[in-house]
Structure formats: structure tokens, C-alpha cells
Amino acid sequence: MCAESTPATPETESMPNNFIHEMIIQDLAPGGRCAGQAVHTRFPPEPNGYLHIGHAKAIVIDFGTAEKFGGLCNLRMDDTNPSREDVEYVESIQEDIRWLGYDWGDRFFYASDYFPQTYEYACRLIKKGLAYVCELTPDQIRETRGTLTTPATPSPFRDRPAEESLDLFRRMKDGEFPDGSMTLRAKIDLNSGNFNMRDPVLYRILRANHHHTVAAWCIYPMYDFAHPIEDALEGITHSLCSLEFEDHRPLYDWVIEHIDAPAKPRQIEFARLGINHTVMSKRKLRLLVETGRVSGWDDPRMPTLCGLRRRGYTPASIRSFIERIGVSKVNSTVDYGFLEHCLREDLNANAPRIMGVLEPVRLILDNYPAGQSEQFEIENNPEQPETGTRTVSFSRELWIDAGDFQEQPAKGYFRLYPGNEVRLKTAYIIRCTGCIRDAEGRILEIHADYDPASRGGNAADGRKIKGTIHWVDAQTAIDAEVRLYDNLFDIEDPDAADCNYLDHLNPDSLVTMTGCKMEASVRGLTAPAAFQFLRHGYFCLDAIDSKPDALVFNRSVSLKDSYRGKA
RNA sequence: UGGGGUGUAGCCAAGUGGUAAGGCACGGGACUUUGACUCCCGCACUCGUAGGUUCAAAUCCUGCCACCCCAGCCA
């Protein structure tokens, strides 16, 4: 069960032009680099982990850009390094992208399916004298690569005859040499200030079980060689990626040029997404999972798409968030609060409401006939009257939230306190007459009288009632557990270089409340299922932990700061 | 020290020589059968910085400063 509260249709029409769009518009203009062509992009994750909100930015940009220009976006597993990849990830990646609302049609590819062509292109480079088989060890390659200010020294194998390299390369593929003993290297520019151009490795020998090709290959192309080829073979016109690949663009272009590629894709880089109070790197997220600091990749505190989904985030809210933060080349960190804002906005408009109390206290209406019961029709969503109403039962004994009563009211408090009137939402106006405490001073029950003439919540004499509170009929209430989630880290920037993020896990990131009470109509609800109550978080049914007799709710967004600290 | 990038409000972000959009956050007010939502109002005499060109500069030129990325047989 997934919490989808809104149709998953990307609204890229509303997406304002960003610098990538401007570049594409120029490419498309008459005489431009790809005048007359259809825009074609791709989202190329390596299947070595779960997708997170940072990937959502790339997904929205890749799919959204293609859609904006009436083109297509492929989904491609960039699986050129078998050692860390797994089918578990290729499946979760597809599920999460679908959940976000994007469709790659029949254009699902594996980079590893192109290995035969990639091999042929490598042979072509060798024949042109642009690549050679090198027998230097990894250490030797590092030592001869030079430094920031000194050029690389040539490999002793750099001028090996093409025929010899071709033969060796074939034998590398045929498994004649051990892992790591040889590489295929491009012959480019040892003096370049860009390390990527100092004879980069194109192929390495690696015996590992590949999740897709199994043991068909024992040589694997490097990203820098494989990626431009993958893009060219698929007819990609614009290869969008993150900023750290800017230095790789000259090599990308070099490959495209020298293999005589069937297409000339253009790489454009944008800044990846940073959000405060969380970490985004797969390595760090993986460690949280493996050390049990969270319950899994889908722990509702995780910034993974499956975690956000379980927390109650809607696909529309995530898409809206990405579209609204914009696209630029500035390294930026967006406030987590903005993500929450986008969720609140969607939930407020589209989520069905129920009433519930987290910390139940018994409320007894002394003048309400014992044994009597009545029904109220309550709107499911005041923002959408067309979503109808539900029936909620009411009787003499109710549950209200402890926070909605103060025996000694604080200054400005306008909910229930002795002598004060408050409205039980859509039911009656009541006046508090006092409360009973046990020996330890805990409130056992609150007493009040109801105004029979106020059925529906309006006073017959027109008097104004300032406070309105939630309530649940004690006779029909359903028990539930509620989990309050907060930021995973208690500092703004757990990624800061001078801090160990594991030392800053927020100890209050998960607070579990048991014995909570929900109105009975929650039973009939399936996904989408998000609820707002208790001034004023949004909660949603946990799709994974819920059982028929033990509902579990996750709080989707924390309370607004302006409300924190108030009674 | 070499190469590649980026600097507009607390956080994102428009702006492309004609006098600083918008959103989040924040503050104030109105409304309210959720202290939510919604609605108003306020929030950069200034665009990293110092000069220069111009009638006019965030936009053009020069110098300086700050920050990010790069020396994997990772992507």
C-alpha cells in the first residue's frame, strides 16, 4: 500500500524555464546543434542503493525536461561496476520512479547490454592509435599521474603498437589475465591540467558476478568511456548530470568525437540537492541502516523515497518541492522546512481528515443521558466539500486530548478549563465543570455539561465560542499507536567536514505514543490516508506496520515552529 | 601551486545595460466549527569586494576575496 493522495501526473507546464531549458532552446533553434530533433534525455542511476530525495531532483529534471519539450526520457541502469550492484536496487529504483509519477514506457535499458558495442568502440580507438593496453599497477598509475602542477609521466606501454594492444585487449576480454593486471587507457594529454585527460583508464579486468550479465564479461568499461557511448547509442540529445562531472565533460566529448558516435549528445551539469538536518550520500545512509540506527532504507526518518513515502509524503508534494527549488549551478542547501511546506500544501488540499487524540483523557458529559448515543456527519475535507462526509458516533463519555484541557489555564489559553466553554467539533458546545485526579495528581476524568441546544456546534443564542477541539467517542474509539518523527540529525549540517554525523543523530527523532484514540471511521480508509489533527501536524497510516487491530500512524510533518512550545 | 565551477535577503531563486520578481522562514493584522488553512501588510536604497567604462551597471571590463569539485582499475 502506498500513500498516494493525488494523481501522479507531473505538471511540468508550470515549471519555469531554467538555464538548462535556455540552453536546449538554443540547441533547438534553426541552425542550432540539434535543430529539428526531438529532445531525448535519460535518468541513469547505478543500481547500488535506494533512491533518495536528491535523486528525485535528477528524475524531475530528466523526465520533466524531456516532457517540457515533447521528448522522451529513458531509464537506464548504469551498471558498469558489478561489485556493488544488485537486482534488489534495480527493482526498488523502478518502483520509486513509478511512485513519483514518471513513465519510461518501453525504454528501460541496462548499460551492460551495450558491452558488445562498447568493446567494439574500444577496438576502434586502439586501431586509430588512441588507446593502448597498459600493464602498470594501480599504484604505478597513481604515481605517474603527476600532481596539480606537474604533468604525468608517460606509461612505458604508451607507444605499444596498435596490433599488440588489440591482441592484448582481446585476450583481456577472453580472461587470460588476472584482475587488475592490465587496463586499456586512452592516449590523450599527459600535460592537461585536467586529470581526466591524463590517459584515463577505459577498461579494467574484474571478475565478479554481474547482476544482469552474470559472468559473460571479465572486463568492464569505466563510467567515462561507457556513459557517452550509452547516451549516443540511445540517441540522447541532452545528458543532464550533476556538477562534479563538469571536469569529465572534455573526456565525454573526446569519446563522442573519436568513436565516430551515431549521435552527439551534449552534457549539461546542474547542482545536486542538499537539505539541512539530513545526509544524502548513499554511503552515509547505508551506514545508518547497517548499524541499526534506523529500521531500514524505508525508515520514515530517512530521506529515501521509500522512507518519505512511508512517512506520508505524497508524490505530488515531492515533485512540487523539486520544481519550486529551481535548477542552478550554485551549491545550495534547502531548508527541510520547505519540503514540509510543500507537503502541508498538498495534504491540506487533498488529505481526508479524521479526529484523534494522542494523549487521551476521559471527558464525561454529566447532563448527557447515559446509554444514549447519536451520530454526526462530518466533512471529510473542508477544502473539498465534494469528498462528502462520514458518520461519527457521540455519547456521554468521550476522549479528548490532555493538551486541550488545563485546570489552571495559562495566559491566553482558550480551550477547555473549569468554567470555560469550548466546542466539540461539529457536535456540541460544552462547559467544563471540573476534573477528578487520582492520588498521584493525574487527571482521571474531566467533567462538563453540554448545551443540548447547540447540536452541530452553533449556540442557539449566537454566542461566540473561541475554542474548538477534537474528540472521540469512548464507546467506539479505536486504539492506535502514533509515531512522531523529527529531523534525523539535531544539527543543521551533518555533512560538515569537521563533524562526525553519527555523533549528531537526533535522540528525539522518534517518539512513540501508545494508547492513542482514533475515531472509528478510520477503519474504512485505505491509501491515500493522511490526517490532520491536534494543532496541527499531519499524520498518515503506516502502510507497512499497520495491522487490523493495531493501527500505526506516522506524523508526516512536524508541527510548525510557530506552534512549538505553546500549550 | 594546476584545471574546472559558483558568489543576489536567514534559506532557495528570477534578473541577460534602464533603476532588485516569486517562494520558504520571520514579524504584524483580519478571518476561522482545526490556535490549522485562507487573506492582507511588512521584510535587499542594494547584488562577494575594489576600481573602471556609461546619461544609466546585479548585468560590460580589470584586479582581489571566499567557497565547491578534480590526482579510483567508483559513478
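Here the structure is a predicted model, which is why all the values come from computation and not from measurement.

Chemist: Now, about a negative patch on the surface: what can you tell me, with residues and values included?
Modeler: A cluster of like negative charges, contributed by Asp335, Glu492, Asp493 and Asp498, occupies part of the molecular surface. Note on placement: aspartate 498 falls in the loop between β22 (478-485) and β23 (510-518). On the accessibility criterion, aspartate 498 (73% relative accessible area) is exposed.

Chemist: With reference to specific residues and values, describe the sheet that holds strand β19 (residues 443-450).
Modeler: Hydrogen bonds along the backbone pair up the strands of a sheet, which may run parallel or antiparallel. An order of β20-β17-β18-β19-β13-β16-β21 is seen for the seven strands of this open sheet, with the pairing classed as mixed. This sheet does not close on itself; its edge strands, each paired only once, are β20 (468-469) and β21 (472-473).

Chemist: Residues and numbers for the side chain of arginine 555, please.
Modeler: Checked against the element boundaries, arginine 555 lands in strand β26 (residues 551-557). For the buried arginine 555, no salt bridge is present, and the opposite-charge side chain at shortest range is aspartate 486, 5.1 Å distant. In this structure arginine 555 touches Arg311, Arg483, Leu484, Tyr485, Gly537, Tyr538 and Phe539, once residues within four positions along its chain are discounted.

Chemist: Please set out the packing of aromatic side chains residue by residue, giving values where relevant.
Modeler: Under the defined criterion, the tally for this structure stands at 22 aromatic pairs. Judged by centre distance (5.4 Å) and plane angle (75 degrees), the ring pair of tyrosine 368 and phenylalanine 394 falls under edge-to-face. Of this pair, tyrosine 368 sits in the loop between β13 (360-365) and β14 (373-379) while phenylalanine 394 sits in strand β15 (residues 389-395), placing them 26 residues apart in sequence. Each of the two residues, tyrosine 368 as well as phenylalanine 394, counts as buried. Here the aromatic rings of phenylalanine 376 and phenylalanine 394 are separated by 5.5 Å at their centres, their planes lie at 80 degrees, and the arrangement is edge-to-face. Taken together, the residues phenylalanine 376 in strand β14 and phenylalanine 394 in strand β15 connect sequence positions 18 residues apart. Accessibility assignment for this pair places phenylalanine 376 and phenylalanine 394 in one class, buried. Through a chain of ring-to-ring contacts, the aromatic side chains of Phe115, Tyr119, Phe169, Tyr203, Trp217, Tyr220 and Phe225 assemble into a single cluster.

What counts, and at which threshold
- Residues numbered from 1 in each chain as written.
- Chains lettered and ligands numbered in written order.
- Predicted model: local features only at pLDDT ≥ 70, side-chain atom pairs only at ≥ 80, totals over all residues.
- Heavy atoms only, no water.
- Patch = residues over 30% accessible without salt bridge, like charges linked within 9 Å, V, L, I, M, F, W, Y side chains within 5 Å.
- Areas by Shrake-Rupley, 256 points an atom, 1.4 Å probe, with all protein chains shown as cover.
- Salt bridge = Lys/Arg side-chain N within 4 Å of Asp/Glu carboxyl O.
- Lys, Arg positive; Asp, Glu negative; His and termini not counted.
- Charge placed at Lys NZ, Arg CZ, Asp CG, Glu CD.
- Helix = DSSP H or I, 4+ residues; strand = E, 2+ residues; numbered from the N terminus.
- Buried < 20%, exposed > 50% of the residue type's maximum accessible area, 1.4 Å probe, protein only.
- Pairing = 2+ DSSP bridges.
- Contact = heavy atoms within 4.5 Å.
- Phe/Tyr/Trp six-rings, centres within 6.5 Å; stacked < 30°, edge-to-face > 60°.

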